Amino acid sequence: MDEKKKGLKWRKPHLQSIQIKGSSSSTTSQFKEEEEFLSPSSRLLHEPNFNLYIIAISGLKTPIDPQIVKSNLPHTLLKHPRFSSLQVVDEKDQNKMKWVKTQVDLENHIVVPKLDENIENTDKWVEDYIHELSKTTITMSQPLWDMHLLNLKTKDAESVGVLRAHHSLGDGTSLMSLLLACTRQTSDPNALPTIPTAGRSKMKRAQQLKNGRFERFVMGIWWFVGLVLNTVIDVLMFIATTAFWKDTETPLKGGDGVEFTPRRFVWRNLSLDDFKLVKNAMNATINDVALGATQAGLSRYLNRKYGEEKMNEEEEASEVKNNLPKNIRLRATLLINIRPVAGIQALADMMEKDTKAKWGNWIGYVLLPITIAIKDDPLDYVREAKSTVDRKKHSLEAFFTFCIADIFLKLFGIKKASGLSHRAIHNTTMCFSNLVGPQEELTFYGHQLAYIAPSSYNQPHALMINFQSYAQKMSVVVSVDEGTIPDPHQLIDDIVVSFNLIKQAAISSPNLI
């Protein structure tokens, strides 16, 4: 594969001043009014040890026509200022960067590789292509995104598109919303996709209505006390993690410098209806089920790994026997954008009518404990996940960790703030995310989508697990450093097998709704 694709270069880019030609006359009124600087979080994401890229892999049900994509981008994606602007180091303050409007040359952003007609394993070829992509970064002399169009039939799609964007352009939820604002419903070419919103259960609302005014007052006080206590504990945990409190060294935990290694991305498409079945049986959420399947899959994988170590030591071990060490501490880091994300309609209006839409990268951290254990009842993984998530929802951890990082940056500068954020994440084991996707089948410039599988690379973890729903599918994406986790297909198989065991247990559950 040709490593020297246009617009790509190897890791560890050096930030330097960029000479802008002909940009002032094309600067939009939004930029003139604000002369906008990158947020502290976005600026932090340009440090060498924190240089994150988001990848959105999309399977399509038809071959891709590159010319159709190129002709539509100027009227949609390029209308967003972030996708048509350079990020330039401020001349007065080298610690700051600002957005500068520029002319976009799509030839530098749309990559259509020449394909060998005799490729035997097309799924492996696509996987290898994205693996090679993770070895590169995008030059700072152009807006920090590109799109790779692979007209190659795979197991789940007729072609594959890969959108890559630097994390400084926005968090995963924001970028996914922007991408979806470029799509339309297959059944109605004029209709935008709809995203289901989370709401309190009918049972919970009914219970609140039954309570009298005094009971609601007492419950409100108790709720507030719990919020304060949870927040204090979580912030202290974050400080301790930043200072010294590391996760247990397991076969999943990456070593120093893991953020500079290429990534292997593997993904599977499961039935969203199966997730809903478990959700209803457990009176939980889709997120609870996804986290429960993750906990079960990681436990299964680690149990095998520790069993192999025992076999090497000539001890009795098997996948059935519990080979796990006691008291494994394994946590996932969640990067949370505390600034409200613009909705799909607002982003579509912005691209069509040149209106404004809120956008930004104001990132807080949430440390999520992951249960590693062998359970007799597979549903216990979902129960524990629900308990963990409910507890984390009742906390202002993300807001206060953002404030801590922001204050640290202002007091000590970008380098030390980067070190603080890096250490907080590196002392945990993995990243985890679950994004709610559209309910309908969609087309992207007339190309019908088969699935959406997002992930990222350059994070200081050896493992990232993403769940993304779309129509009737749930895509599970595993991103690994192969030096730490050499068998990612086995890991994702363990997650899928564990979820199927959870589903079968839910079907047998007498509480199935």
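Residues numbered from 1 in each chain as written. Predicted model: local features only at pLDDT ≥ 70, side-chain atom pairs only at ≥ 80, totals over all residues. Heavy atoms only, no water.

Draft legend 1. Structural context of the pairing of strand E15 (residues 447-457). Of all eleven residues making up E15, ten are buried, and the element is well covered by its neighbours. The sheet contact formed by strand E2 (residues 53-60) and E15 spans eight bridges and is antiparallel. Opposite Tyr53, over in E15, you have Tyr457 as the bridge partner. When strand E14 (residues 442-444) meets E15, the two strands line up antiparallel, connected through two bridges. (Buried < 20%, exposed > 50% of the residue type's maximum accessible area, 1.4 Å probe, protein only. Helix = DSSP H or I, 4+ residues; strand = E, 2+ residues; numbered from the N terminus. Pairing = 2+ DSSP bridges.)

Draft legend 2. Molecular detail of the packing of helix H7 (residues 213-243) against helix H12 (residues 397-412). With their axes 9 Å apart at the nearest point, H7 and H12 run at an angle of 40° to one another. The pairing of H7 with H12 is recorded here as oblique in orientation. Considering only the axes of H7 and H12, their crossing is right-handed. Note on element contacts: H12 touches H7 through Glu397, Phe400, Thr401 and Ile404, opposite Thr231, Asp234, Val235, Phe238 and Ile239. A class-by-class count of the residues in the contact of H7 with H12 yields five nonpolar, two polar and two charged. (Axes fitted to C-alpha atoms, helices over the stretch in contact; angles between N-to-C directions. Parallel < 35°, antiparallel > 145°, perpendicular 65-115°, else oblique. Left-handed = near helix turned anticlockwise from the far one by under 90°. Contact = heavy atoms within 4.5 Å. Nonpolar A, V, L, I, M, F, W, Y, C, P; charged D, E, K, R; others polar.)

Draft legend 3. Just the environment of Leu270, in detail. With respect to the helices, strands and loops of the structure, Leu270 is situated in strand E10 (residues 264-271). When the C-alpha positions of Leu270 and Ser475 are compared, they lie 6.1 Å apart, and in sequence the two are 205 residues distant. Contacts of Leu270, omitting those with residues within four sequence positions, involve Phe275, Gln472, Lys473, Met474, Val476, Val496 and Phe499.

Draft legend 4. Local environment of the sheet that holds strand E8 (residues 159-166). Across the sheet, seven strands lie side by side as E5-E7-E8-E2-E15-E14-E9; this open sheet has mixed pairing. The open sheet is flanked by strand E5 (110-111) and strand E9 (183-185), the only strands paired with a single partner. Helix H4 (residues 122-133) contacts E2, E5, strand E7 (145-150), E8 and E15 of the sheet and is inclined by roughly 160° relative to E7. Across the sheet, helix H5 (residues 172-181) touches E2, E8, E9, E14 and E15, and the angle it forms with E9 is around 65°.

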